[in-house]
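Secondary and tertiary structure notes
Residues per chain, in single letters:
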Amino acid sequence: MARVSEIMSQVYENGTANSGQLPNPIENRFTEVNEQLDDMVTLINPTMTSREIQNLLINSGTFKFTKGDQAYLLDFLVGPAQPVCLDVQSNTKIEIEKGAVITIPPNSEDRYYIFQIDKKENVTISGGEIIGDKLSHTGTTGEHGFGIGIRGSKNISIDNVTIRNCWGDGIVIGRSYDNTASFCDTVRISNVTCDNNRRQGISVTTCRNLWITDCILKNTNGTAPQAGIDLEPDQAYEALENINIINLKTENNSGAGILVAPFKLGSGSSKSEFNTTITIENHKSTGDFRGMYLVGSNETVNKIDGQITIKNSYVHSPTEAGIRFENWMSSFFPHSIVRDSVVKNPNGKNTNLGNTGRSGFVIYARNTYRDGEYGNVNFINCRTTDDRVVGVDYTTVKGFWFEGELATQSVKASVTDCSSDVYLAPGFVRWNKGPGATTFSNQPIFTVSAGTSIRDASGAILIPSSSGDFTLPLSDDCIGREFIFKGATGITISLLPQSSDTIIGYDYFPNKRLSLSSEFDYVKVKSLGSGKWIVVEKQGNPYPTSSAKPPRVYYQTNPPTGIASNVADVVYNIAPAAGGYLGWVCIASGTPGTWKGFGLIQT
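I will try to describe carefully the structure that is included in this document. (Residues numbered from 1 in each chain as written. Predicted model: local features only at pLDDT ≥ 70, side-chain atom pairs only at ≥ 80, totals over all residues. Heavy atoms only, no water.)

Along the chain, the position of Asn 197 falls in the loop between β15 (193-195) and β16 (200-204). Of the residues examined, Asn 197 reaches a relative accessible area of 0% and is grouped as buried. Within the structure, Asn 197 has its side chain in polar contact with the backbone oxygen of Ile 163 (distance 3.3 Å). Here Cys 166 takes part through its backbone nitrogen, which lies 2.8 Å from a polar atom of the side chain of Asn 197. For Asn 197, the contacting residues outside a window of four places in its chain are Lys 134, Ile 163, Arg 164, Asn 165, Cys 166, Gly 168, Asp 169, Gly 170, Asn 219, Thr 220 and Asn 221. (Helix = DSSP H or I, 4+ residues; strand = E, 2+ residues; numbered from the N terminus. Buried < 20%, exposed > 50% of the residue type's maximum accessible area, 1.4 Å probe, protein only. Polar contact = N/O pair within 3.5 Å; in protein donor to acceptor, adjacent residues only side chain to side chain. Contact = heavy atoms within 4.5 Å.)

Looking now at the nonpolar core. Phe 115, Ile 150, Ile 189 and Phe 379 are the most contacted members of the largest nonpolar core, which totals 90 residues. If near-sequence neighbours (up to four positions away) are discounted, Ile 150 is found in contact with Ile 117, Ile 156, Ile 158, Ile 171, Val 172, Ile 173, Gly 174, Cys 184, Val 187 and Ile 189. Ranked by size, the runner-up nonpolar core spans 18 residues in total, among them Ala 450, Phe 485, Ile 491 and Trp 533. (Core = buried A, V, L, I, M, F, W, Y, C linked by side-chain atoms within 4.5 Å.)

Considering all chains together, one arrives at 20 salt bridges under this definition. Asp 234 serves as the salt-bridge partner of Arg 175, at 3.9 Å between the closest nitrogen and oxygen. Of the two residues, Arg 175 is situated in the loop between β13 (169-174) and β14 (184-190) and Asp 234 in the loop between β19 (227-231) and β20 (240-246); the sequence distance between them amounts to 59 residues. With relative accessibility at 37%, the residue Asp 234 sits in the partly exposed group. Among the salt bridges present, the one from Glu 299 reaches Lys 264, with a minimum N-O distance of 3.1 Å. Taken together, the residues span a long stretch of sequence, with Glu 299 in the loop between β25 (290-295) and β26 (306-311) and Lys 264 in the loop between β22 (256-260) and β23 (276-281) at a distance of 35 residues. (Salt bridge = Lys/Arg side-chain N within 4 Å of Asp/Glu carboxyl O.)

The strand order across the open sheet built from four strands is β48-β49-β50-β51, with neighbouring strands paired in mixed fashion. At either margin of the open sheet sits one strand with a lone partner, and together these are β48 (553-556) and β51 (594-600). The average angle at which neighbouring strand axes cross in this sheet is 25°, direction not considered. Pairing analysis gives three bridges linking strand β49 (residues 570-573) to strand β50 (residues 581-588), with the strands arranged antiparallel. Along β50, the bridge assignment pairs Val 571 with Trp 584. (Pairing = 2+ DSSP bridges. Axes fitted to C-alpha atoms, helices over the stretch in contact; angles between N-to-C directions.)

Here we come to the environment of Phe 402. Within the fold, Phe 402 resides in strand β34 (residues 398-404). Under the relative-accessibility criterion, Phe 402 is labelled buried at 0%. When the C-alpha atoms of Phe 402 and Thr 356 are compared, they prove to be 8.0 Å apart, with 46 residues separating the residues in sequence.

Bringing the environment of Gly 360 into the picture now. By the secondary structure assignment, Gly 360 is in strand β31 (residues 359-365). When its relative accessible area of 0% is taken as the criterion, Gly 360 is described as buried. Residues Gly 360 and Asn 347 lie 13 residues apart in sequence; the distance between their C-alpha atoms is 8.7 Å. Non-local contacts of Gly 360, meaning those with residues more than four positions away in its chain, are made with Ala 321, Gly 322, Ile 323, Val 343, Pro 346, Thr 384, Lys 398 and Gly 399.

If you walk through the whole model with that rule in mind, you get 15 aromatic pairs. Measuring from centroid to centroid gives 5.7 Å for Phe 483 and Trp 533, while their planes differ by 65°, and the two rings are edge-to-face. Remark: Trp 533 occurs in strand β46 (residues 532-539) and Phe 483 occurs in strand β41 (residues 482-486); sequence separation between them is 50 residues. In this structure Trp 533 comes out as buried when scored by relative accessible area, which is 0%. (Phe/Tyr/Trp six-rings, centres within 6.5 Å; stacked < 30°, edge-to-face > 60°.)

This part is about the pairing of β22. When you tally the buried positions in β22, you get five out of five residues, the bulk of the element. One ladder, built from four bridges, connects β22 with β25; its direction is parallel. Opposite Ala 256, over in β25, you have Arg 290 as the bridge partner.

Here we take up the sheet that holds β16. Read across the open sheet, the 11 strands follow the order β4-β7-β10-β13-β16-β19-β22-β25-β28-β31-β34; overall the sheet is parallel. A single partner strand is all that each edge strand has here, and the edge strands are β4 (84-87) and β34. Adjacent strand axes in the sheet meet at a mean angle of 10° when their direction is disregarded. Bridge analysis of strand β7 (residues 111-118) against strand β10 (residues 144-151) gives seven bridges, and the strand direction is parallel. When the sheet's bridge partners are listed, Tyr 112 is paired in β10 with Gly 145.

Shown next as structure tokens:
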């Protein structure tokens, strides 16, 4: 037990118990001593057996696993469900001293808990290291060997613990073994590292009011899903309510850094009575298979209410896509918001992946899934970027890829203030065969090289990275869609309709092309169907290829510099002042040409 003799010796220091008199200042320490007695610490050392430790843990209180010359080697005791090393009671605080290591022997158990917290309240475990038997396991079946199991419990805190090499998960949070407590409530996991566990770093099947903060989940591998953290209920009556994942780092997990799979909540004849509310903020993923993977299922038949919010996520070099929504049907799964997030270098291993696997942000419906609308996702201020050398470090990646494999599947999403600077990317936003319901607000700006298809980039502002042709899709395949091009310095591009199509107003020129040749040129074309395109908006002076170039008109504060100009090009001054000019006119072609002011304004 706690060092009662030590505490009492301090009280009677320089005095006697028989005298009934306590010299000052000892008398003034009575309150302090009483507080210490109320919080006695039971010391546990590595030479003790599991049974000896468990006999102490039958009582509540504070227990300290001290560091010794050897690691703790815990045997399995008989638990209510499966082998358990230590069963923790309510109102218990366990402190594992820095440097103390708790291990288990090699075994063939399908399931086990090293620490079990089942239908308990007010439990804290902090410090030290817990090591499972993944590297020495003698069996081949099962996936449920856990470092810490929290089941149907309330007010639980796990802090500053490292858990590695478990046959299943580092930590699992779920319902009680007897199913009388269908969720955990108020659980805090902070400053925890889960490393090289076999199935998951952390699994959450049911919880309300969960905070996972400042944790590192890495190197999960061995059996699917192999995620850093997996939010995946088992039953419709469970809950994922007020789940908060803050400042999480996931690294080199063979599955997703964060996996969200709530589909069981809407399965069967009933559904969860709780809203599914998940906030993921400041997540950093490095080298995971996917940074985040949000996945639905055909077995969901009831609407799962709630919202998922992803903020300030940074995904670097995922093996596949950065943030991927798959089979996330709008009518069944929560509305989702992804904002202020960056994916860098998707398809990090440069393998031969399809477009849904080599893109930054993905919404995808497989052909084995139901007809209807998928997504219901808002992307706000998101960006895909890549700093590798095309053709040397990697092949082709996409910024955003939205796809339903069937003609009867469509994608609903909004894209606001987003951008992509990946090159050779024909599928910035793809609707495939479905009608599509994607809208753009403050159009995303994409850099695209000449010669690539732009049929899936409707609504985005496309800035060319090289001179050449851009072939418009067949007008009948994209009726009502608009394609926006902005010129670039030193680059000349041509918009080329299909051979059966024309751009109204430009069809009488050779090749029926419309060209842009400066950063001041801007054009928006819209498909009318029946082989017709129309220019609905333009700036500068896009001109028909192979015709005499008519004068271009600009609106700015001074003549152009560094761009090719032609005789009769005009700039109107948008900041006129007394003694200045109304504008300037080019009187000799060149780069930038010779410009003279006109329309002197009186002083």
